[in-house]
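Geometric and topological summary
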Protein chains: 2
Amino acid sequence: MTDFARTRALFELPEDIVYLDGNSLGPLPRAARERVSRVVSREWGQKLIRGWNEAGWMDLPDTVGNKIAKLIGAPEGTVVAGDSTSVNLHKALTGALSLAGQRKVVLSDTGNFPTDLYVAQMAIRALGKDHELKLVAPEDVAGAIDETVAVLMLTQIDYRTGRLHDMQALTAKARENGVVTIWDLAHSAGALPVDLAGANADFAVGCGYKYLNGGPGAPAFIYVKPGLGDRIDPVLAGWMGHEAPFAFDLAYRPAAGIQRMRVGTPPILSMAALDAALDAWDGITMDDVRARSIELSERFITEIESRCPDLTLASPRDPHRRGSQVSFAFPEGYAAMQACIAHGVIGDFRAPDIMRFGFTPLYIGMDDVIRATEAIGRVMREKLWDRAEYRTRAKVT
Amino acid sequence: MTDFARTRALFELPEDIVYLDGNSLGPLPRAARERVSRVVSREWGQKLIRGWNEAGWMDLPDTVGNKIAKLIGAPEGTVVAGDSTSVNLHKALTGALSLAGQRKVVLSDTGNFPTDLYVAQMAIRALGKDHELKLVAPEDVAGAIDETVAVLMLTQIDYRTGRLHDMQALTAKARENGVVTIWDLAHSAGALPVDLAGANADFAVGCGYKYLNGGPGAPAFIYVKPGLGDRIDPVLAGWMGHEAPFAFDLAYRPAAGIQRMRVGTPPILSMAALDAALDAWDGITMDDVRARSIELSERFITEIESRCPDLTLASPRDPHRRGSQVSFAFPEGYAAMQACIAHGVIGDFRAPDIMRFGFTPLYIGMDDVIRATEAIGRVMREKLWDRAEYRTRAKVT
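None of the values given here were measured: they were computed from a predicted structure.

1. Structural notes on the domain arrangement of chain A
Residues and elements named next belong to chain A. Its domain assignment divides chain A into domain 1 (4–29 + 285–390) and domain 2 (56–281). For the pair domain 1 and domain 2, the interface holds zero salt bridges. Here domain 1 and domain 2 share ten residue pairs in polar contact (both at pLDDT 80 or more) between them. Looking at the side of domain 1 that touches domain 2, the elements that each hand over two or more residues are helix H11 (286–307), strand S12 (325–329) and strand S15 (354–358). A total of four residues in the side of domain 1 that touches domain 2 trace back to one element, the largest contributor, which is H11. Residues that form the side of domain 1 that touches domain 2 fall into these classes: 14 nonpolar, twelve polar and six charged.

2. Re the pairing of strand S10 (residues 221–224) of chain A
All names here are of chain A. Across the two faces of S10 the burial is the same, with Phe221 and Tyr223 and Ile222 and Val224 all buried. Pairing between strand S4 (residues 79–81) and S10: three bridges, direction antiparallel. Looking across to S10, one finds that Ala81 is bridged to Phe221.

3. Let's talk about the interface of chain A and chain B
The partner chain B presents 86 residues to the 86 residues of chain A that form the contact. Both faces combined, the contact of chain A with chain B buries some 7300 Å², and carbon together with sulfur accounts for 69% of it. Taken together, the connections running from chain A to chain B amount to four salt bridges. Counting across the chain A and chain B interface gives 29 residue pairs in polar contact (both at pLDDT 80 or more). Mapped by element, the contributors of at least two residues to the side of chain A that touches chain B are strand S3 (28–29), helix H2 (30–47), helix H3 (51–54), helix H5 (85–99), helix H6 (114–126) and helix H10 (268–278) of chain A. At ten residues, H6(A) tops the list of elements feeding residues into the side of chain A that touches chain B. When its residues are assigned to classes, the side of chain A that touches chain B shows 53 nonpolar, 22 polar and eleven charged.

4. Comments concerning the UniProt feature "binding site: pyridoxal 5'-phosphate" (unreviewed entry) in chain A
As annotated by UniProt and renumbered to match this structure, "binding site: pyridoxal 5'-phosphate" (unreviewed entry) occupies Thr85(A), Ser86(A), Phe113(A), Pro114(A), Thr115(A), Asp116(A), Thr155(A), Asp184(A), His187(A), Tyr209(A), Trp239(A) and Thr265(A). Separation in sequence by 181 residues is matched in space for these annotated residues, since their most distant C-alpha atoms are 30.4 Å apart. From the set just named, the residues that line the second largest pocket comprise Trp239(A) and Thr265(A). With respect to the secondary-structure elements, Ser86(A) resides in helix H5. Of note, Trp239(A) is situated in the loop between S10 and H10. Not counting residues up to four positions away in its chain, the partners in contact with Trp239(A) are Pro245(A), Phe246(A), Phe248(A), Val263(A), Gly264(A), Thr265(A), Ser86(B), Phe113(B), Thr115(B), Tyr118(B) and Tyr209(B).

5. A look at the sheet that holds strand S10 (residues 221–224) of chain B
Residues and elements named next belong to chain B. The seven strands lie next to each other as S4-S10-S9-S8-S7-S5-S6, forming an open sheet whose pairing is mixed. Looking at the sheet topology across the chains shown, the edges are occupied by strand S4 (79–81) and strand S6 (132–136). Recorded for the sheet is a direction-independent mean angle of 20° between the axes of neighbouring strands. Across five bridges, the pairing between strand S7 (residues 149–155) and strand S8 (residues 180–184) is parallel. Residue pairing across strands places Thr155 opposite Asp184, the latter belonging to S8. Sheet contacts for helix H4 (residues 60–71): S4 and S10; angle to S4, the most-contacted strand, approximately 125°. Of the strands in this sheet, strand S5 (105–109), S7, S8, strand S9 (203–206) and S10 are in contact with helix H5 (residues 85–99), which crosses S9 at around 170°.

6. Observations concerning the sheet that holds strand S15 (residues 354–358) of chain B
Residue and element names in this part refer to chain B. Taken in spatial order, the four strands make up an open sheet running S11-S12-S15-S14, and their pairing is antiparallel. One side of each edge strand has no neighbouring strand; the edge strands of this open sheet are strand S11 (312–313) and strand S14 (348–350). Pairing analysis gives five bridges linking strand S12 (residues 325–329) to S15, with the strands arranged antiparallel. Counted as the bridge partner of Val326 is Phe357 from S15. On top of the sheet, helix H11 (residues 286–307) reaches S11, S12 and S15; it is set at about 20° to S12, its chief contact.

Definitions and limits used
- Residues numbered from 1 in each chain as written.
- Chains lettered and ligands numbered in written order.
- Predicted model: local features only at pLDDT ≥ 70, side-chain atom pairs only at ≥ 80, totals over all residues.
- Heavy atoms only, no water.
- Domains from an automatic or database assignment.
- Salt bridge = Lys/Arg side-chain N within 4 Å of Asp/Glu carboxyl O.
- Polar contact = N/O pair within 3.5 Å; in protein donor to acceptor, adjacent residues only side chain to side chain.
- Helix = DSSP H or I, 4+ residues; strand = E, 2+ residues; numbered from the N terminus.
- Nonpolar A, V, L, I, M, F, W, Y, C, P; charged D, E, K, R; others polar.
- Buried < 20%, exposed > 50% of the residue type's maximum accessible area, 1.4 Å probe, protein only.
- Pairing = 2+ DSSP bridges.
- Contact = heavy atoms within 4.5 Å.
- Buried area = accessible area lost by both parts, 1.4 Å probe.
- UniProt positions renumbered as here; feature names shortened; annotations may be inferred.
- 1 Å grid on protein atoms, 1.4 Å probe; cavity = no way out; pocket = protein on both sides within 12 Å on 5 of 7 lines; lining within 4 Å.
- Axes fitted to C-alpha atoms, helices over the stretch in contact; angles between N-to-C directions.

Here is the structure:
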């Protein structure tokens, strides 16, 4: 059984708040602080250019990728870290389209994170393809998978509601229909057990700064199924994806497999933070994390529903149909979330009316949940949100 | 007159080496060390998600972009930092092709950095274009610019020889012939005066980790001429380039101008290091930097040529025809550079036979140059490079 008191001690968290926003930005692992300090002062500062060889910088995209692979059911050597989730999705989608033959439909759902849809809209247009990006309601995805679909592109967990797609079933149906699959694991990796190999998914991408705690804007990752990478001509081709980067050939010869998904020089400071953060997962089973996440979120829902009649559950009530977040709808949700933050509970807001709370057993326990529900209860009961200062929208919500 | 003793004190450099590789990875500015420490411990650690608003994280791509703009003759609001140079070049080239009408030639030269050519080869193929990537010798570029050329894509300073293209003249000829221009400033930004607006260039990209000292794999940058950005439909479309990222619209509506060149969430740790590093340029004139760089490199050439008859100058002898690096050819260049490094002079090697040395007046003075030439002289005179240990190729050269 995972010892969550031990993992809690791996993180630095301010004492005066309950942090229920690890689904948006994970907190600082002590190991990441120490690692970044070392990379800056001793590696960059003292080794300088020699750091690329002597400090393992050049291998970090693989090192980090392999650590992430263990959390998402991917074999060693099938994941690389780097770039942003959007850029990796662009690689995955253009790769998928190149494999998809003559079909003309890219299927996704209206609950997908908008950047995924932007990537698809503009990639299709840029490639001069006559594909249609077909969006259906999340519950209609399974029914829309048929032999007209080229690519199924989904985010497993809805960023607003936490609704969880059945990756296994949808991927199986896609495969039966000859559809190439892309899964965005932004809210899945580190949140619950994922089995990419078991599901036989073709591509996956995900985020390093949410449940993986890699720091603000941490590098993202991309997975390509074994054997598939070699069949893709990268649209984004850079020297780090070349078979021999330091031969400086004038002609592009893609490296084998997942390596060709590398593009430019990796951002070492950000990559090192993520690498160190991932060590928090050593010796942890994702099943334990999931079980604990459900305990925490179930208690949170019970407490909020009894304390806050004005809040309406916007997440699936069945914990097995949601990820590791719980959302409540409230017309004044933005102001209410600002008031919660001012009163010591950090969650976030998603337009138009969603108050979102993440549950991250590595560093959040039942005491935190109780403390949070008490504070939220007071904010709602006393209408503390009804103040002008809480209505002023910040640039980033 | 710039006080280079003052700027030298802004950097942390090991005392036992002379660092002539700032053209590959700039050294650590004290301000970057302090800034990264603050961003990690106080911003990420204490503000957590609030850092996006309260610590200016979301604006960093612009903040950094505007600091770089000043160094390359670009107006405020025309440069954003982020992604890698390769990814930014992909944005620039796909943007340029969308503006270039029916012409079918992308013109570049054989001295271009290979990643630039890889980007072009694969972007052309992916877009389903029937463009030809036409490569000519660097000295033949001007003669090859004619009305068949869609896009002129050049790196201003040759990464091997330091040969400097005349940006003003080539851009003017390109414009006369209706050719869209892209300049890669990887070895130019922070190395010598660049005047993008004066040259009337259309696009430029460049690197944050060489002369700008932003740290290993620092974010890159992209410039788009005022008025041009609004005419481009980004191929790489992400939420940070949307008109209203936090409205979470399902349809992509590109932000105005350069802002649509943003894609995913910016890597804050790496971006903050670059932001702090750029403050080293406050109060410095690029003309002074250039004059001092020429003094240093001229003396270096004189000393090496008198001490090392086996080394052949591979850079243009006229300092006004080269950037801020000096290269010598030597058949055993790899081993010789390893021996130089072992004897306290860090430069680097570029296949097949180039020993490369960078001159960076912010932190390298004439004493360093003399010390370096003495050590290199000894390595060559005593054939210290002729040892097996220096021949073993590292992963990164």
